[in-house]
Each structure stands twice: as structure tokens, then as C-alpha cells.
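Residue strings, one per chain:
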Amino acid sequence: MCGLTGFWGSSADGPVIQSQLQRMTQQIQHRGPDSDGHWVDANAGIALGHRRLAIVDLSPAGAQPMQAVSGRWVMAFNGEIYNHLHLRAELERSSLAPVWRGHSDTETLLAGFDAWGIRATIEKCVGMFAMAVWCRQTHSLTLVRDRLGEKPLYYGWQGQGSQAVFLFGSELKALSAHPAFTAEIDRQALGSYMQNMAVGGTHSIYKGIHKVPPGTILTVSSNKPDPVMERYWSVEQVAAQGVANRFTGSAAQAVDALEALLKDAVAQQMMADVPLGAFLSGGVDSSTIVALMQAQSSRPVKTFSIGFHEKEYNEAEHASVVAGHLGTDHTDLYVTAQQAMDVIPRLPSLYDEPFADSSQIPTFLVSQMTGQHVKVALSGDAGDELFAGYNRYQLTASLWPKLSSMPQPMRKLAAWGLTRFSSNTLDRFASYTPLAKRWSGVGDKLHKGAGVMGAGSIADLYQSMVAMGWSKPSALVRGMDGDAISLNMPDLPGLRDVERMMAFDLLNYLPDDILTKVDRAAMGVSLETRVPFLDHRVVEFAWRLPMDYKMRRENGRSVTKWALRQVLYRHVPQALIERPKVGFGVPIEHWLRGPLRDWAEDLLSEARINRDGFLNPRPVRQRWKEHLSGKRNWQHSIWCVLMFNLWLDEQKRSVSAA
């Protein structure tokens, strides 16, 4: 894991380019504290920078930017190619291998480019990656991002006319260090953030700066300065092919095949020349990954979890039980509310652009603790998206057929009736029903449910379910031109309603929220994270599984992630796993009414909001008032505003420091 950055099109001389590049790489030192690499061709106006976190081939032979033996390619690479030794063997069998200088995957990729070309090499790769490749023959720059978007990669033209420069990098802070960077906030992107708690899709918070889409090869050259996009892998195509080519074996055969595939993915991702461990929450996903790690390890796997003294947010005790059964070398850390709140001032610099999933706080804390023991950690992310684990999938399967058959006016009236009661009142009512045993925070969930009752389609339903912030950001953000940037929700013909939601999550929630959250939190403490469930072979197999192997009725109740659970129960007793699903979060709702109240009041003041000029204060103040009174739990929308204003303050400090 590393960080890359650079620019192309500069007319400056060599020493100036070198100085500008060094300032950019310094901004992402946390992504690669082991070394700082630069490669400049002033005549071509190209500069490639790299910060190295040495994981595989710790010798100088693995340093970057790296040139191919042929001299044609120069590359800065971030990520891991887990099957690169297999690719080396293939090159050697076909007599296309060079004389190897080391054993890094970067060198393997460059040899592949010489032998097969960029796209053909990438299609052979199993891994996570972002890369910038300069071709010295054609004077073209190619940016590539992995299939699911595990690794970030930003790009964009900045400056005018002959002074325009094409910037790129792993994080926005690297781009912002270049003098051509303008830092103009995109109000449409701001609206998208306020709605979904993250700046989604291919956009960034800044005008003219974008993200390379997952599964995409982007190329710019003197002949074609406008980026040319080429998709080499897509969720849409994989989903369509999966449902058209269903797994036809028995349930037992499906579980056998899934275990074999996951075991291989985990084994490949345990490749490292440095200490390695895993996050363990005690839930299905992380427990499965750790169980398969321990089954293939000759020594106890190092596992890590974080705990809170508030019982409804604490998963550490469950993780400890699973770790004890598997025999891992387990470390947990119980943190106080104050320790968690002390992370808040660090969030704007960690995330570079506004980001408001409050589980960013425990994610950073567990990464920080883990990074004190190992340099690589495997995680259980993406199990929910692939095997139908989210509650919204269950609700869609059970309620949407009935709900969609009702007239919309009737549904909207019912929704209005639910919101007449405060979330606390609904919680008290629910405490006398079976709902209290299945879900926590029933009042909040009913209020959320009221917000989706008017949906006219499955795409509308999905948008309303995942829009945790402001459902109508155009009323909040000043200067927005129409609606917020829409989520990526293609038609996906042939998929059932729940399957469409799962695809939407792989296209939106997973890369925009989950993977962004983990990458920035972990790389902020120089920790590499790996996600075995996102081995593209696992993703493709999961889409072939019938829905009955993911969600099914057993003993009168709905069971999610059925096939994955069967794999896990071969290693961990079911009794140690079965419990209500708990999110990985912190009690922001209560903190805002208690210890964070004065801090929040300052950031949410009408004078402050008017002075900044980005938001309308009236809706903010109204929700803040309702939240403090306990009438509604507006923690998500309030946190969106707080994180944006905190981020704005960080930008002002950065500008004044420069």
C-alpha cells in the first residue's frame, strides 16, 4: 500500500517541476512513510511521485516510480496484486519474462505491460490497485483503478490555456499542493454529500476534479487531452451474467464452492513480508475471514477489535469469544467517549473532503490500535453487499411488494402519521413488542421507514433508504443548480428488486462510503487494509448464487447471508455468532445533546452559516432544535453539516498556512 501523485502538461523547467512534485508527495507521507520517490521528464512535462509503504519486497528493488526493463513504461503504483507470482510464472513459461531485479508486484506489472499491454495485464490481475503509467513512446498517461474501487484515484485539469496542468493522485491534499489547483467548491457535489453523507460517484468536492471510476482505464495524451475512458470490468455486466448463468448445484455444493473460493482469496491476501493481522468484530463477515485465515496459518493470527462501555455499541465482547474459540492472538481496546471525541478534530485532514459516516471514528481508532502491532490487516467488508446482509434487503423483500400495491397518497398519509410521534415515544411503544428483541433504535427506524413510504420505484426506494442526510439538499445548499448529483442506479434488467438494491450498493454505498472510510482511516496511520470478499472471483461467484442461498426462511424467520453463515459454522459454533445485527458506530445522537452540544452550537450558529455562504441556516437551526428537544433524532443530517463546516475550517487553515 502506498500513495501516488503527479502531473502532466507542465511547461516549467526541471528544478521547478521537481520542487512542485516534492510538495505533492509530502502531503501524502502518511500513505507511505518508508520512502519518497520522484521521476521527472521535463521535456515531456510529466512528473510521477510515490510514497512507499513497503509490504512486499522491502529492498530498494521495490522502490517507485519504477521503469520497465524495456524503458517504455514508468509507473507509480498503489495497491497489491495478489496473484503476481502466478503472472510471473506465466511470463516465464512463455519466455516473455525479463531478468527480474526483485520480487515486487510492481515489477511484475511492468513486465506484463511489455508482454501483453496494459488492459490485458490488468484483466489477469487479482488485487486492489490504483496506478499511473507513462508511456515514453506515445507520450500518453494512463490511470487505472481496481474493479470495485478499493483504492482511490483523483484527477483533473487545472489552470487555463497554456498554463493548464493535468493533476492526479491518491488523495486531494496531494493535488491541492500544486500551484495550479483552484479549490473551487462544487455546490452540486456539496448537495450530493449532504444527501448521502459522502461525495459520491465520479465527483469530488472541487470543480474540475474527479475520481477515476472503479474498473476503468483512463488515458490522456497530447493528441487527446480530454480523458478517454475504457471499462475493463463492471458490476452491471457481472450482475447480468450472474443471473443469466445461475449456479445450479445443491445448497451444500454452493457452500463447498464458496468456502474453497474464499479460502483461496484469503490465502492470497495473507501474502506479505511484514506482520499481518485482521479486524475482528465477532460478526459473520469478519469472523469468516479470520476463521479462514487461522485455518491456513501455522501460528495464531493477530486479531484486533475496539470496544465501548455503552453496551448497545460494544462488539468487543463478542469478538473476544470468537477469538478465543479460534485461538487467535487477540487484542482489544476499550475506549471512553472522550477518547472517541478526541478523534473529531482529525477527521477533516484524514478525509480531505466532507465525509459524515460517524463510524469513521471507531474505524480510525481500531486502525490506530492495529497499526501499532502490524502493517497489514484483513477486513470483512463487503459481505453484506454480496450476500444480502443489510436490513434494507429484508425489508424490501418482505414489504415492498405489499407497499408498492398501495396508492401513494395512502402511503404518504401513513408516513405523516408515524412522524407525529417522537422517536423516543416510538421506542417506548416498541419496547412492548417483539421488535425490541430484533432491532435497536426502533423509533429511528420507523421514522426512516416513513421517509420511504412514498417511493414510486425500486430506485426511489433505494435512494430514500440510503439518503441518511438531507432528502432535499436543494433547500439547504445555496446556489445549487437543480437537484443533487444522482446516484449510479442503472436499469439492470433481469434482476429482482433485492438484487438491484445489492448492485446499487456495490456501485454507490460500498465505494463512496465503506471503502473510502476504511482507506482514509487506515492509511492515516500507515496501515494497509485488504478485503478478501472483493476478490473479483468471489464477487462474480456471489452473483451466480440464487437469492435463496443468500436470504431464506428457516424456523419461521428470515436468515441473511445464508451460504456465508454455513461456511462460518464449519469453523465457529452458530451459538457464538447468532445475535441481532449491530452497526459499527458511536452514540453521536446522545453526544450532540451532551458533551458535544457547545461545540456543535458554535459550528451550527446562524451567523457562522451565513458568513460561510454555502448553506441556508433556517433548516439547519430547525433540525438542531428538534434534535436537542428529543422530538426527532437528526444525528445524520446534523453530522453532515458539522463535518462540512469543520472541513471548511481546515481548508481556511490550509490556505492561510500556504
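Each remark here, short or long, concerns the structure printed above.
The following paragraphs examine the structure supplied in this document.

What counts and how
Residues numbered from 1 in each chain as written. Predicted model: local features only at pLDDT ≥ 70, side-chain atom pairs only at ≥ 80, totals over all residues. Heavy atoms only, no water. Helix = DSSP H or I, 4+ residues; strand = E, 2+ residues; numbered from the N terminus. Rg over C-alpha atoms; globule rule 2.2 N^0.38 Å. Buried < 20%, exposed > 50% of the residue type's maximum accessible area, 1.4 Å probe, protein only. Areas by Shrake-Rupley, 256 points an atom, 1.4 Å probe, with all protein chains shown as cover. Expected span 1.5 Å × (residues − 1). Bend = angle between axes of the 7 residues up to and from the residue. Contact = heavy atoms within 4.5 Å. Polar contact = N/O pair within 3.5 Å; in protein donor to acceptor, adjacent residues only side chain to side chain. Axes fitted to C-alpha atoms, helices over the stretch in contact; angles between N-to-C directions. Parallel < 35°, antiparallel > 145°, perpendicular 65-115°, else oblique. Left-handed = near helix turned anticlockwise from the far one by under 90°. Nonpolar A, V, L, I, M, F, W, Y, C, P; charged D, E, K, R; others polar. Pairing = 2+ DSSP bridges. Salt bridge = Lys/Arg side-chain N within 4 Å of Asp/Glu carboxyl O. Core = buried A, V, L, I, M, F, W, Y, C linked by side-chain atoms within 4.5 Å.

Let us look at the overall build of the protein. On a plain count of helices and strands, the protein comes out with 29 helices and 19 strands. Over its C-alpha trace the protein gives a radius of gyration of 25 Å, about what one expects of a compact globule, namely 26 Å for 658 residues. The principal-axis extent of the C-alpha atoms belonging to the protein is close to 70 × 60 × 45 Å. For the protein, the proportion of its 658 residues judged to be buried stands at 58%. When the accessible surface of the protein is totalled, it reaches about 25400 Å², and 51% of it is carbon and sulfur.

Next up on the list: helix α22 (residues 509-523). Owing to its 3.6 residues per turn, the α-helix aligns residues three or four sequence positions apart on the same side. Counted at 1.5 Å a residue, the expected span for α22 with its 15 residues is 21 Å, and the 20 Å between its end C-alpha atoms agrees. The sharpest bend along α22 reaches about 35° and sits at L515. Among the 15 residues of α22, 14 are classified as buried, and the element is accordingly described as predominantly covered.

Inspection of the secondary structure puts D357 in the loop between α12 (347-351) and α13 (360-371). Considering only alpha carbons, one finds D357 and H318, 39 residues apart in sequence, at a separation of 23 Å. Contacts of D357, omitting those with residues within four sequence positions, involve M197, Y509, D513 and K517. A distance of 2.7 Å separates polar atoms of two side chains, one belonging to D357 and the other to S359.

Packing of helix α20 (residues 458-466) against helix α21 (residues 497-507) leaves a shortest axis separation of 10 Å and a crossing angle of 50°. With respect to α21, the element α20 is oriented oblique. For α20 against α21, the interelement crossing comes out right-handed. Contact with α20, carried on its side by I458, A459, L461, Y462, M465 and V466, involves D497, R500, M501, F504 and D505 of α21 and no other residues of that element. When grouped by side-chain class, the residues that make up the contact of α20 with α21 number 8 nonpolar, no polar and 3 charged.

With that settled, the discussion passes to the sheet that holds strand β3 (residues 46-52). Pairing within the open sheet is antiparallel, and its 6 strands lie in the order β2-β3-β1-β9-β8-β10. With one partner strand each, in any of the chains shown, β2 (35-41) and β10 (210-211) form the two edges of the open sheet. Two elements, strand β1 (residues 2-8) and strand β9 (residues 165-169), share 4 bridges in a ladder whose sense is antiparallel. The residue of β9 that forms the bridge with W8 is F166. Contacts from helix α1 (residues 14-26) reach β1, β2, β3 and β9 within the one sheet, and its direction differs from that of β2 by about 145°.

Moving on, we get to the pairing of strand β7 (residues 140-145). With 6 of its 6 residues buried, β7 lies for the most part within the structure. Side chains S140, T142 and V144 project from β7 onto one buried face, and the interleaved L141, L143 and R145 project onto a second face that is buried too. As judged from the 6 bridges shared by strand β6 (residues 127-135) and β7, these two strands associate in the antiparallel manner. Within β7, the position partnered with A130 by the bridge is R145. What sits between the antiparallel neighbours β6 and β7 is a turn of 4 residues, in which H139 has the positive phi angle 55°.

As a further point, take unusual backbone geometry. The peptide bond linking Q64 to P65 adopts the cis configuration, its omega dihedral lying at -10°. Relative to the helices and strands, P65 is located in the loop between β3 and β4 (66-67). In this model, H139 sits at a positive phi of 55°, which is unusual for a non-glycine residue. Among the structural elements, H139 can be located in the loop between β6 and β7. Phi is positive for A388, which is not a glycine, with a value near 65°. With respect to the element layout, A388 can be found in the loop between α14 (383-387) and α15 (391-404). For A388, a relative accessible area of 0% translates into the label buried.

A separate point is the pattern of salt bridges. Tallied over the full model, the rule gives 36 salt bridges. One salt bridge connects E184 with K207, and the closest N-O pair in it is separated by 3.4 Å. Of the two residues, E184 is situated in the loop between α5 (172-176) and α6 (187-196) and K207 in the loop between α6 and β10; the sequence distance between them amounts to 23 residues. It is possible to trace a salt-bridge network through shared partners that takes in R31, K151, E171, K173, D352, D519 and R520.

Attention now goes to the sheet that holds β7. The sheet built from 6 strands is open, its strands ordered β4-β5-β6-β7-β11-β12 with antiparallel pairing. At either end of the open sheet lies a strand with only one pairing partner, and these are β4 and β12 (228-231). Note: β4 against strand β5 (residues 73-81), 2 bridges, orientation antiparallel. Looking at the pairing, M66 lines up with M75 of β5.

On to the nonpolar core. The biggest cluster of nonpolar side chains holds 109 residues, and the ones touching the most others in it are F113, F129, M131 and W543. Those residues in contact with W543 that lie beyond four places of it in its chain are V238, A239, G242, V243, R246, L495, E499, M502, A503, L506 and K550. Ranked by size, the runner-up nonpolar core spans 77 residues in total, among them Y206, I306, L592 and V641.

Worth remembering: the numbers are spatial, not functional.
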